[in-house]
Amino acid sequence: MTDPLAEVVTLLQPSASFSKLASTAGPWRVTRSDAGRPFYCAILEGRCRLIVDDRPPIILEQGDFLLLPSANDFSMSSLEPPPEGEPTPHLEVGPRHYRHGRPDGPADARMAVGYCAFGSPDAALLLSLLPSLIHVRGQPRLATLVEMVDEEARADRPARDVILAHLLQIMLIEALRADSGASASPGLVRGLADERLATALRRLHENPTRPWTVPGLAREAGLSRTVFFERFRRVVGLTPMDYLLAWRMALAKDMLRRAEGGVAEVAERVGYASASTFTIAFSRHVGVPPARYAREA
């Protein structure tokens, strides 16, 4: 059976770009504007406060795991942060170990944090299928995985990059499937947690070439057209046809980059009746014709 979540994470091609251990004491604040860099954090001890974009503050506690697949502006701080504009001392106290806030005395909190990179040029498109913020509580396996990623990133051992890539894939999938409840952000994971929508999503991923329609997908889900359309849009965050288009374009770009056939063959493999129809859709969605995209890729 096709696993849509595994397909998306595999296409993202995650790799580790930076990881560190952070300890904090007293009032502190760290602010980042990272233009969509994926950020993860496991709270090993203590508590801290997180603000992402314009969302309400989130209190992170020991054992919590946080993943921002595409964060832009966010800040982490002590529960009682310093006044706005007041600088926070940041010291490197060991190899990839940083201290924020008061430089001496016992730490109030410890956390393993890091950034990963997505090798796929379609990362933005694929990330649009995933939740924008993942906050998991009570899953010690995730903290263990973060520690394994950090340990492997620090080491200089054979096959390091291969192991890191697989560990990050596991960590992403573990985080995504743990964050699948009704309170999760709209996206593919929340859709897969809905038994009716999951059936339609799996059918769509199993056979993207089929000339799917909203009524056809609704039948797969065992729902009326209207109920299915509204439920899909609310839970997944896209309309069924927008989701299908996004997935077909992601597959097409991957095939073109890998030179797996010409434009006509790729068009057929992603469900278009003719190369010209595919070229129009691809150009509108990607911004360049598929032949040019393949040459430049």
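Structure shown above.
What this report covers is the structure whose coordinates are included nearby. (Residues numbered from 1 in each chain as written. Predicted model: local features only at pLDDT ≥ 70, side-chain atom pairs only at ≥ 80, totals over all residues. Heavy atoms only, no water.)

Looking at the overall build of the chain
The number of helices and strands found in the chain is 12 helices and 11 strands. Against the compact-globule benchmark of 19 Å for 297 residues, the chain has a radius of gyration of 21 Å, which places it among compact chains. Dimensions of the chain, computed from C-alpha atoms along their principal axes, come out at roughly 70 × 45 × 35 Å. Expressed as a percentage of its 297 residues, the buried residues of the chain come to 47%. (Helix = DSSP H or I, 4+ residues; strand = E, 2+ residues; numbered from the N terminus. Rg over C-alpha atoms; globule rule 2.2 N^0.38 Å. Buried < 20%, exposed > 50% of the residue type's maximum accessible area, 1.4 Å probe, protein only.)

Side note on the sheet that holds strand β2 (residues 29-33)
Note on sheets: strands pair through backbone hydrogen bonds, and any given pair is parallel or antiparallel. Pairing within the open sheet is antiparallel, and its 4 strands lie in the order β2-β7-β4-β5. Taken across any chain shown, the strands that pair with only one partner, and hence form the sheet edges, are β2 and β5 (58-61). Neighbour-to-neighbour, the strand axes of this sheet turn through a mean angle of 20°, independent of strand direction. Relative to β5, strand β4 (residues 47-52) runs antiparallel, the two being bridged by 4 bridges. Across the sheet, the residue bridging to C48 is L60, located in β5. (Pairing = 2+ DSSP bridges. Axes fitted to C-alpha atoms, helices over the stretch in contact; angles between N-to-C directions.)

Some remarks on the packing of helix α6 (residues 195-206) against helix α9 (residues 240-257)
The interhelical angle for the contact between α6 and α9, taken along N-to-C directions, is 35°, at an axis separation of 11 Å. Taken as a pair, α6 and α9 cross one another with a handedness that is right-handed. Contact residues: α6 offers L201, L204 and H205, while α9 offers Y243, L244 and W247. Split into classes, the residues belonging to the contact of α6 with α9 amount to 5 nonpolar, 1 polar and no charged. (Left-handed = near helix turned anticlockwise from the far one by under 90°. Contact = heavy atoms within 4.5 Å. Nonpolar A, V, L, I, M, F, W, Y, C, P; charged D, E, K, R; others polar.)

Re the pattern of salt bridges
Counted under the stated rule, the structure contains 14 salt bridges. Here R110 and E45 are joined by a salt bridge, their closest N and O atoms 3.1 Å apart. Within this pair, whereas R110 is found in strand β10 (residues 109-118), its partner E45 is found in strand β3 (residues 39-45), the two being separated by 65 residues in sequence. Its relative accessible area of 30% is what places R110 among the partly exposed residues. On the basis of relative accessible area, E45 is assigned to the partly exposed category, the value being 33%. Across the pair E174 and R141 runs a salt bridge, and its minimum N-O distance is 3.0 Å. Remark: R141 occurs in helix α3 (residues 140-154) and E174 occurs in helix α4 (residues 160-178); sequence separation between them is 33 residues. By relative accessible area, R141 is classed as exposed at 52%. When salt bridges that share partners are traced, they join R47, E61, D64 and R137 into one network. (Salt bridge = Lys/Arg side-chain N within 4 Å of Asp/Glu carboxyl O.)

Let's talk about helix α11 (residues 275-286)
Owing to its 3.6 residues per turn, the α-helix brings residues three or four apart onto one side. With 12 residues, α11 extends 16 Å from end C-alpha to end C-alpha; this agrees with the ideal 16 Å at 1.5 Å per step. Those residues of α11 lying buried are F278, A281 and F282. Along α11, the residues classed as buried sweep out an arc of 100° about the axis, all on the same side. Exposed side of α11, more than 90 degrees from the buried face: I280 and R284 are the residues found there. Against the buried residues of α11 lie α9, α10 (263-269) and α12 (290-296). A positive backbone phi angle near 105° is found at G287, which sits one or two residues after α11. (Expected span 1.5 Å × (residues − 1). Arc of directions from axis to C-beta.)

Things to note about the side chain of S78
Tracing the chain through its elements places S78 in the loop between β7 (73-77) and β8 (90-94). Residues within four places of S78 in sequence aside, it is in contact with G26, P27, W28 and R49.

Some points on the packing of aromatic side chains
Two descriptors summarise a pair of aromatic rings, namely the distance from one centre to the other and the angle between the planes of the rings. Overall, the coordinates contain 7 aromatic pairs when judged by the stated rule. Ring geometry for F39 against F74: centres 4.7 Å apart, planes inclined by 40°, an arrangement best described as tilted. Separated by 35 residues along the polypeptide, F39 in strand β3 and F74 in strand β7 bring together distant segments of the chain. Exposure remark for F74: the relative accessible area of 4% places this residue in the buried category. (Phe/Tyr/Trp six-rings, centres within 6.5 Å; stacked < 30°, edge-to-face > 60°.)

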